[in-house]
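Topology and contacts: notes
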Amino acid sequence: MATGDLALGQEQGALNARPRVVNDFSINVATVNGSGSQSANSVLLKSIFGMGVPVSGKNLFPSNIAGLPTWYTIRASKDGYVARKRDTEILVALNPETAQSDFMSLPAGAVAIYEENLNLKQHRDDVVCYPVPFDKITASVCPEAKLRKLVKNMVYVGVVAYLLNLDLAVVEKSVKKQFAKKQKVFDLNFGAVKAGFDFAEEKLVKHDPFVIEKMNETSGKIIIDGNAAAGMGAVFAGVTVVAWYPITPSTSLIEATTDLLKKFRVTTEGKATFAVVQAEDELAAIGMVLGAGWAGARSMTSTSGPGISLMAEFAGLGYYAEIPGVIFDVQRTGPSTGMPTRTSQADLLSTAFLSHGDTKHVVLLPASVKECFEFGYEAFNLAERLQTPVFVLTDLDLGMNNWMSEPFAYPDKPLDRGKVLTAEDLKKLGGFARYRDVDGDAIGWRTLPGTDHPKAAYFTRGSGHNDAAGYTEKPDEYQAIMDRLTRKFETARKLVPAPVAVKDSSSEIGFLAYGSTDFALRESMDQIKKEYGQDVDYLRIRAYPFAHEIHDFVAKHERVYVVEQDRDAQLASLLKLDLPAEQVIKLRSILHYNGLPIDARSITDEFATKEGL
C-alpha cells in the first residue's frame, strides 16, 4: 500500500484530520558521535534532494568525544528556504540519553520516530508516535554485532522514507552514491534501508500530515559545503603554498584543498608542484604564508578564532611590509577556545583590525557556497593587486554544512598578479622605489626574488621604512607611509566585491547583514510582509572596506536594522566607524549569539518587538 493511499486523518487522541503538509518541514535526527550517522543523514538529505525538493542539512554536534550526543537537522522547503527552523516537526530519536528531552521539545502535532523500548508516548499525547524496534531489525540484516551500530542508522532512513513517501529507487541511488565502488558495503546498508522500509510498510499506520512529493526545483544543482567550495576556489586561483594547523571548523577546508592539489598539481612524472605544510602552530603557519607570498607564490592558510588571535603579529607585518597572502577564517564561538562546534560571526572586528598599531585589513564576506568558491578565488587576486593579507570570513554553518547551489562558473579572467616589475621593466626604468606611489592608487611596484637585474633588490622591513624601502625613524617619513596605506584602503574600497541589493525600493526601513545570516533574513522579510504587511529593504554586505553604496543605502532609510550573529554588534560597530556621524543614529541591531545558526523567526519576532508591531 502506498503512503499516499493511507488515511491521514485517523484519530490519535487530539490529533485528528489535518491538512497535508507537503515539502515544508524540518527533521531532527538525534544520535551519538561515532555511530556512523553521518552517512545515513547524507543519504536522507540527498534522497529528498533527488526528489527535486530544495533541502539543507545542519550538523549540530557538540565538541565532545565518541558516544556523546549529536544532532542533524534536515530542512525541506518547497519555497527554497534553507536557514535553520526554530522548531522541528519530525524527530528521529536514536539516543536514549537525549530522547526524552528531544521529545519534550517538539511542538504540538509533531512526529517522533524512536526505539520502541523508550516508550516516549507515555510523556505526552499531542505528538504522533512511531515506535520502531530498530535493534531487532538491525540484528536481522547485520550478522556482525560490531557493525550494527553503524547499520542501525540506515534502518531509520528506510522508516522515514516510507513515512514521507520517498521513492525507494531515489533512496537506493543515494546509497549507491554514498558507497560508490564498495558493493558489499552498499548491499549491507541498502539492505538495512529496505528492512526499515518494509517494517514501516507492514506495521506502521501513518497518522501525521508530513509528506514529500516530487518537484523539479533541484535540477542542475549541486550539494556542497562551504569549506570544499572555498578550497576549490583557492586551487582555481593558483595557490601553490598551503601552511596550516588543524582546528575545528576549518580543517576540512585544507583537506579539500590538498585533495585537489594532489589531483591537479602533479607533473606527469609524479612530482608535486605545490607544498602543503602542517606547521607547529598558527603563528608559524601565517609566517610561512607571508614568506611564500613575498617570494611570489600564491599562499594561504585556514583557521578559526583562536588561530586568528595567534596570527596578530604576523598579520601586522604583512600589512605594513605589504606582502600578499590569504587567510580563511571559519568562525566559531569564542572567545579563547570557545565551543569549536558552534557557529558565530564574532571574529569580524578582531580580524578587521588584527595586529598592534594602526592596521586595517581587507575582509571578504561570502554568503553562500557559490561565493565561498568565487571569493576563495578572488581573494588571491586582491591580495596581489593590493599587496596585503586578505581575510575571507565564513562560519561553521556555511563552512561545514551541506548547501544546495547552482554549479560554479569556471573563471573567465586571467589571474591578476598586480604590480610586478620584470627585468625588462627595470632595464627601461633604471630602478624603482618599492613603496612609492607613482600613479595615485597608493600601491607601489614590487619585484620578485630572483629577478635578474641589479636594481631588483629591496629591503622588506617590519620596522620603519621610507618609500625607497630604506630604514628610517623620521616622523614625517613614517607618517607618509601610514597615510599612503590609508589611501590604499580607499583603493581597496573600489576593488572588493560590491554589496548586493536584495531589495531596495521605497521602504523607510532597511536591513543590513552579511554571510550566512542572509538565508534567515530573506525568509524573515517574507514573514514580515505576510504577517505585518510591512515592506522592508535589504542590502547584503560582501566586504570590508565598505563600498559607498552602503553609505547611500543608510542615507535613504529612516531606520536600518543590522542583523548579525554575535553579541557585541560588531558589524554595526564597524559601520559606525565608517558612516557620517549624522547617519549613525539610524542603526539598530538584531543579534543572535547562542551558537545555533540564526533562524528567520527570531529575526521577525525581534523586529516586530522593536517596531512595536
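Calculation rules
Residues numbered from 1 in each chain as written. Predicted model: local features only at pLDDT ≥ 70, side-chain atom pairs only at ≥ 80, totals over all residues. Heavy atoms only, no water. Helix = DSSP H or I, 4+ residues; strand = E, 2+ residues; numbered from the N terminus. Rg over C-alpha atoms; globule rule 2.2 N^0.38 Å. Buried < 20%, exposed > 50% of the residue type's maximum accessible area, 1.4 Å probe, protein only. Pairing = 2+ DSSP bridges. Axes fitted to C-alpha atoms, helices over the stretch in contact; angles between N-to-C directions. Contact = heavy atoms within 4.5 Å. Arc of directions from axis to C-beta. Salt bridge = Lys/Arg side-chain N within 4 Å of Asp/Glu carboxyl O. Parallel < 35°, antiparallel > 145°, perpendicular 65-115°, else oblique. Left-handed = near helix turned anticlockwise from the far one by under 90°. Nonpolar A, V, L, I, M, F, W, Y, C, P; charged D, E, K, R; others polar. 1 Å grid on protein atoms, 1.4 Å probe; cavity = no way out; pocket = protein on both sides within 12 Å on 5 of 7 lines; lining within 4 Å. Points joined across faces, edges and corners; volume = space filled by probe spheres on them. Phe/Tyr/Trp six-rings, centres within 6.5 Å; stacked < 30°, edge-to-face > 60°. Lys NZ or Arg CZ within 6 Å of the ring centre and 35° of its normal. Expected span 1.5 Å × (residues − 1).

Helices and strands together make up the secondary structure of the chain, namely 21 helices and 22 strands. Relative to a compact globule of 613 residues, whose C-alpha radius of gyration would be 25 Å, the chain shows 27 Å and is just as compact. Considering only C-alpha atoms, the chain reaches an extent of 90 × 65 × 40 Å along its principal axes. The burial tally for the chain puts 56% of its 613 residues in the buried class.

Adjacent strands of a sheet pair through backbone hydrogen bonds, lying either parallel or antiparallel. Within the open sheet, the five strands sit side by side as β17-β19-β18-β21-β22. Their pairing is mixed. Only two strands of the sheet have a single neighbouring strand rather than two, namely β17 (500-503) and β22 (587-591). Across this sheet, the average inter-strand angle for adjacent strands is 25 degrees, counted without regard to direction. On top of the sheet, helix α19 (residues 570-578) reaches β18 (509-514), β19 (537-541), β21 (559-564) and β22; it is set at about 135 degrees to β21, its chief contact.

All buried positions along helix α5 (residues 168-178) are accounted for by Leu168, Val170, Val171, Ser174 and Val175. Around the axis of α5, the buried residues are gathered within 155 degrees of arc, so they sit on the same side. The exposed set on the far side of α5, more than 90 degrees from its buried face, consists of Lys173 and Lys177.

Glancing now at the pattern of salt bridges. Where charged atoms from two side chains of opposite charge come close, those side chains can pair. Inspection of the entire model under this criterion finds 44 salt bridges. Asp208 serves as the salt-bridge partner of Lys206, at 2.7 Å between the closest nitrogen and oxygen. Of the two residues, Lys206 and Asp208, both sit in the buried class. The salt bridge involving Asp439 is made with Lys419; its shortest N-O contact spans 2.7 Å. Pair noted here: Asp439 is in the loop between α15 (423-429) and α16 (475-495) and Lys419 is in the loop between β16 (402-405) and α15, with a separation of 20 residues, a long-range link.

Another aspect to go through is the packing of helix α1 (residues 37-50) against α5. The contact between α1 and α5 brings their axes to 8 Å, and the two run at 135 degrees. On the basis of their axis angle, the class for α1 and α5 is oblique. Helix-helix and strand crossings are classified by hand; for α1 and α5 the assignment is right-handed. Contact with α1, carried on its side by Ser39, Ser42, Val43, Lys46, Ser47 and Gly50, involves Val170, Val171, Ser174, Val175 and Gln178 of α5 and no other residues of that element. Of the residues contributing to the contact of α1 with α5, the split by class is four nonpolar, six polar and one charged.

So, about the packing of helix α13 (residues 369-386) against α16. Remark: α13 packs on α16, axes separated minimally by 11 Å, with the N-to-C direction vectors making an angle of 150 degrees. As the angle between them shows, α13 and α16 are arranged roughly antiparallel. Every pair of crossing elements has a handedness; the one defined by α13 and α16 is right-handed. Counted together, Leu382, Arg385 and Leu386 of α13 and Lys488, Thr491, Ala492 and Leu495 of α16 form the full contact between these two elements. Residues belonging to the contact of α13 with α16 are distributed by class as follows: four nonpolar, one polar and two charged.

Considered as a void within the structure, the largest pocket measures approximately 990 Å³ in volume. Taken together, 40 residues form the lining of the largest pocket, with Gln38, Ser42, Lys46, Gln178 and Asn402 sitting closest to its centre. Among the residues making up the lining of the largest pocket, the classes are represented as 13 nonpolar, 20 polar and seven charged.

Within the structure shown, the criterion is met by 15 aromatic pairs. Taking 5.2 Å as the distance between ring centres and 75 degrees as the angle between the ring planes, the aromatic pair formed by Tyr561 and Phe607 counts as edge-to-face. In this pair, Tyr561 is assigned in strand β21 and Phe607 in helix α21 (residues 600-611), connecting sequence segments 46 residues apart. Like Phe607, Tyr561 is buried. Chaining the aromatic ring pairs together yields one cluster made of Phe236, Phe373, Phe408 and Tyr410. One Lys or Arg, Arg461, reaches over the ring of Phe459 and ends 4.8 Å from the middle of that ring.

Here the focus is the pairing of strand β5 (residues 90-93). Where a strand is regular, its side chains alternate between the two sheet faces. Burial along β5 is two-sided: Ile90 and Val92 facing one way and Leu91 and Ala93 facing the other are all buried. Note: strand β2 (residues 24-32) against β5, four bridges, orientation parallel. The residue bridging Asn28 from the neighbouring strand is Leu91, located in β5. Relative to strand β6 (residues 111-115), β5 runs parallel, the two being bridged by four bridges. The residue bridging Val92 from the neighbouring strand is Ile113, located in β6.

The next point concerns empty space enclosed by the protein. Taken as a whole and judged by the stated rule, the model has seven cavities of 30 Å³ or more. The calculated volume of the largest cavity comes to roughly 70 Å³. When residues in the lining of the largest cavity are grouped by element, the largest group, four residues, is from α16.

Looking now at the sheet that holds strand β11 (residues 275-278). What the seven strands build is an open sheet, ordered β11-β10-β12-β13-β15-β14-β20; its pairing is mixed. Either end of the sheet is taken by a strand with one partner, and the two such strands are β11 and β20 (543-544). Where strand β13 (residues 325-331) and strand β15 (residues 389-395) come together, seven bridges link them in parallel fashion. Pairing of Gln331 across the sheet is with Asp395, part of β15.

Moving on to helix α6 (residues 183-203). With 21 residues, α6 should cover 30 Å at 1.5 Å per step; its first-to-last C-alpha distance of 30 Å lies within 8% of that length. Restricting attention to buried positions, one finds in α6 the residues Phe186, Asn189, Phe190, Ala192, Val193, Ala195, Gly196, Phe197, Phe199 and Ala200. The elements touched by buried residues of α6 are β7 (128-132), α3 (134-141), α4 (148-164) and α5.

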